[in-house]
Every structure is written in C-alpha cells, then in structure tokens.
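Residue strings, one per chain:
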Amino acid sequence: MRSFISYVRIIIILTIVYALSEWLIDFPTYKSVLFNPYFLGFEFLIFILLLAFESTLGVLNRIADQLITEEKKLEIEAQKKRDKENNWLKKIYRNLVGSNEAVDPSLGMETHEYDGIKEFNNPLPPWWVYLFYITIVFAIVYLGYYHVFNGANQIDEYFADKAQADIELEEYKKTAIDFVDAKTVILLTDENSLEQGKVTYNTLCVVCHGPDGGGSIGPNLTDAYWILGGDIQSVFKTIATGGRPGKGMIAWNTSLRPSEIQRVGSYILSLQGTSPENPKAPEGTLTQ
Ligand code: HEC
C-alpha cells in the first residue's frame, strides 16, 4: 500500500464510480449526486474497501518477495524491464516520433547533387505527416458536406435552433399563462381569448350580468360606470376576489384559473360601449 500506483488506482476507481452515478442516477432533489449524503456514504464505503484491498495486496506482495529466491527475483526484474521496453505506449510513441536514423549522412543523402551541393534527407516526423493526412481527409469531408451536399452551416443551424426555441417558448407560455395576477395582468384582445372568455361568461356570469352584459342582479358591464374599477387590473381583482361583501359577486379564484379570469375579464371589457337590450342603470363612478 505504499506505492504511488495504489493511490492512483483508488482515485481512478472513485472517479469512475462518481461519474457513473452522476450519469445513471437522477435524484430529483439534488443537483449533483455529490450533494446526496447517501451517495457520499456509498463513495466513502468504496474508498474504505479499496484501501483494505490495496493494503492486502501490498502485504501479499511483500510476503511473495520474501519467499522468492534471489535468481528468480533478478529474472523477474529483467522480465519487467523487457515489458517496459515493449510497452505499447512506448511503441506508439516511437512510431510517431520516428527514428533519427536519417541523420546518418550515408543513409540520408539524396542522390541528386547540383554544383557540389548535396541535399540532405531529413524526413518529417511521422506525427507531423499523419496530422497532414488527417487535415487532407478533413478537408475532403468538409468540402463534401458543406459545399457539395449543402449540409447545414452555422446560419442554418442558428435558424433551426431559433425555430426550436420559439416552439419551446410558446409551449412555456402556454403553461405559464396562469402566473398572471391582478398586478401583471394585461388586457387580451385576440379573438381566441375573447371567444374563450365569452364561453366562461355564458356559463358562469350570465345569470347575474345578463346575456349581453346589460346587468340584472349584477351591475351593467357595458357602460363606463364601475363600482370597483374598470381597468383590467381592477376587473381581474373583482372577478378573482369578489365584490363588496353581501352584494352577491363571489370570488371566482377558487373555480377559475388566473388565465381564465384574465380572458373573461378581457371579454367583459370588450363589451364596453355595446348597447344591451335591457341596460341596467349605471352604478358606480364614470371611469374612462
Ligand atoms: C350571483 C350573481 C353574480 C354572478 C354569478 C356574477 N356576478 Fe359579477 N357582480 C355581481 C354583483 C352583485 C356585483 C356588484 C358587486 C359590488 O357591488 O360590490 C358584481 C360585480 C362585478 C364586477 C364589477 C363591476 C363594477 O362595476 O365594478 C365585475 C367585473 C363582475 N361582476 C364580473 C363578473 C364575472 C366575470 C362573472 C362570472 C365569472 C360574474 N361577475 C358573476 C353579481 C354576480
């Protein structure tokens, strides 16, 4: 357990466990598994087990060391050295850097000669050459993709992303409409919303405010006189929280969603200036 490699092994394994957990487990309440106490406990447990494993390994190695004869030891050392030489990483490295055999003038001289000047062959290192080949392949792929088959370039990608984002924004707006309240509410004028507001009005409000908003139990909603305020914010508030106590206008916020209140409020405001059949006398104050 003294060797450097033991620590490296432990760290690598712990990191892999962490990365896998982060990737595979999704705790809804934790941004990262690192904040999850159960995960930390689990990781700690693995750490202890690895420590135990590494120290056992160390002890075994030492025992083995003492049991082996001197010759055998030398043999193993030699084998290790050979393995190191033939290590695949080393081989790759040598292949990439190349040999400097060409520095030997007898091998590296080019055959041609001009005015007594001989060219010395000093080949480029293989890694450079490979890189060059890679750029050629890249260039062909690039040319083919963008210029022959007209693949999507940055501008196309931008517009595609933008279109996608717009769709998502619309989706979000659809779910976020109920965030309106009496402070943030705005008057809706699109036909669709007014149509939906009308449906709500005809099912819930008609009995007291009349089919055309002319009023009966409730006040006339088509004139410019308002008891509780005629701007969309006030109207929203009245519909949501009700009229004055004992007057009969209940709070609708328990049965209507904010977006529905917004629509029905916008609808009744769209009735402003219309002429109902049996208009109720104005109540409240004139509001422009
Ligand atoms: C049970 C009868 C009744 C129903 C149903 C009813 N209202 Fe009313 N509404 C009233 C009365 C009564 C008032 C007057 C409240 C007051 O004087 O405080 C009123 C007031 C209002 C006002 C304020 C008018 C003003 O002059 O300030 C608005 C806006 C309104 N109602 C909208 C609605 C909407 C929208 C619905 C349907 C979701 C609805 N009401 C359903 C009886 C009703």
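For the structure, see preceding data.
Quick notes on the rules
- Residues numbered from 1 in each chain as written.
- Predicted model: local features only at pLDDT ≥ 70, side-chain atom pairs only at ≥ 80, totals over all residues.
- Helix = DSSP H or I, 4+ residues; strand = E, 2+ residues; numbered from the N terminus.
- Rg over C-alpha atoms; globule rule 2.2 N^0.38 Å.
- Buried ≥ 20, exposed ≤ 12 C-beta atoms within 10 Å, placed from the backbone.
- Near = placed C-beta within 6 Å.
- Nonpolar A, V, L, I, M, F, W, Y, C, P; charged D, E, K, R; others polar.
- Axes fitted to C-alpha atoms, helices over the stretch in contact; angles between N-to-C directions.
- Parallel < 35°, antiparallel > 145°, perpendicular 65-115°, else oblique.
- Contact = placed C-beta atoms within 7 Å.
- Left-handed = near helix turned anticlockwise from the far one by under 90°.
- Core = buried A, V, L, I, M, F, W, Y, C linked by C-beta atoms within 7 Å.
- Expected span 1.5 Å × (residues − 1).

### A word on the overall build of the protein
Across its full length, the protein holds ten helices and four strands. What you see in the protein, going N to C, is helices and strands ordered as α-α-α-α-α-β-β-α-α-α-β-α-α-β. Against the globule reference of 19 Å for 288 residues, the protein gives a C-alpha radius of gyration of 41 Å, more extended than a compact globule. Dimensions of the protein along its principal axes, counting C-alpha atoms only, are 115 × 70 × 25 Å. Within the protein, the proportion of its 288 residues that are buried is 13%.

### Things to note about the site of the ligand
Every one of the 23 residues lining the ligand counts as a neighbour, but Cys205, Cys208, Gly218, Gly243 and Met249 are closest to it. A per-element tally of the shell around the ligand places helix α8 (residues 191-209) first, with five residues. Across the shell around the ligand, the residue classes tally to 15 nonpolar, six polar and two charged.

### A few points about the packing of α8 against helix α10 (residues 258-270)
The angle between the axes and the distance between the axes are what describe a pair of packed helices. Interaxial distance between α8 and α10 falls to 7 Å at its minimum, and their mutual angle equals 90 degrees. As summarised for this structure, α8 and α10 are arranged roughly perpendicular, according to the angle between their axes. Here α8 contributes Ser193, Leu194, Gln196, Gly197, Lys198, Thr200, Tyr201 and Cys205 to the contact with α10, which in turn contributes Glu260, Arg263, Val264, Ser266, Tyr267, Ile268 and Ser270. The class makeup of the residues in the contact of α8 with α10 is six nonpolar, six polar and three charged.

### So, the packing of helix α1 (residues 4-24) against helix α2 (residues 37-67)
Between α1 and α2, the least distance of the axes is 10 Å, while the angle of their chain directions is 155 degrees. By the angle between their directions, the pair α1 and α2 is classed as roughly antiparallel. Remark: the crossing between α1 and α2 carries right-handed chirality. Here Ser6, Arg9, Ile10, Ile13, Leu14, Val17, Tyr18 and Ser21 of α1 come into contact with α2, specifically with Phe39, Glu43, Ile46, Phe47, Leu50 and Glu54. Split into classes, the residues belonging to the contact of α1 with α2 amount to nine nonpolar, two polar and three charged.

### As for helix α4 (residues 88-97)
Think of an α-helix as turning once every 3.6 residues; residues three or four places apart then point the same way. Judged by how many residues are buried, α4 sits mostly at the surface: zero of ten residues are covered. Downstream of α4 by a residue or two, Gly98 has a phi angle that is positive, lying close to 80 degrees.

### What to know about the nonpolar core
Formed by 15 residues in total, the largest nonpolar core has its most connected members in Tyr201, Val235, Phe236, Ile239, Val264, Tyr267 and Ile268. Elements with a minimum of two residues in this core: α8, α9 (232-241) and α10. Ranked by the residues each element gives to this core, the list is headed by α10, at five residues. Among all residues touching Tyr267, those that are not within four sequence positions of it are Leu194, Gly197, Lys198 and Tyr201.

### Things to note about helix α6 (residues 126-148)
With 23 residues, α6 extends 31 Å between its outermost C-alpha atoms, agreeing within 8% with the 33 Å of an ideal straight helix rising 1.5 Å per residue. Asn150, located one to two residues past α6, shows a positive phi value of around 50 degrees.

### Re unusual backbone geometry
Notably, Asp115 is not glycine yet its phi reads approximately 50 degrees, a positive angle. Looking at where Asp115 falls in the secondary structure, it is placed in the loop between β1 (109-114) and β2 (117-120). By the C-beta count within 10 Å, which is 5 here, Asp115 ends up exposed. The backbone phi angle of Asn150 is positive, close to 50 degrees, even though this residue is not glycine. Mapped onto the elements of the fold, Asn150 is located in the loop between α6 and α7 (154-176).

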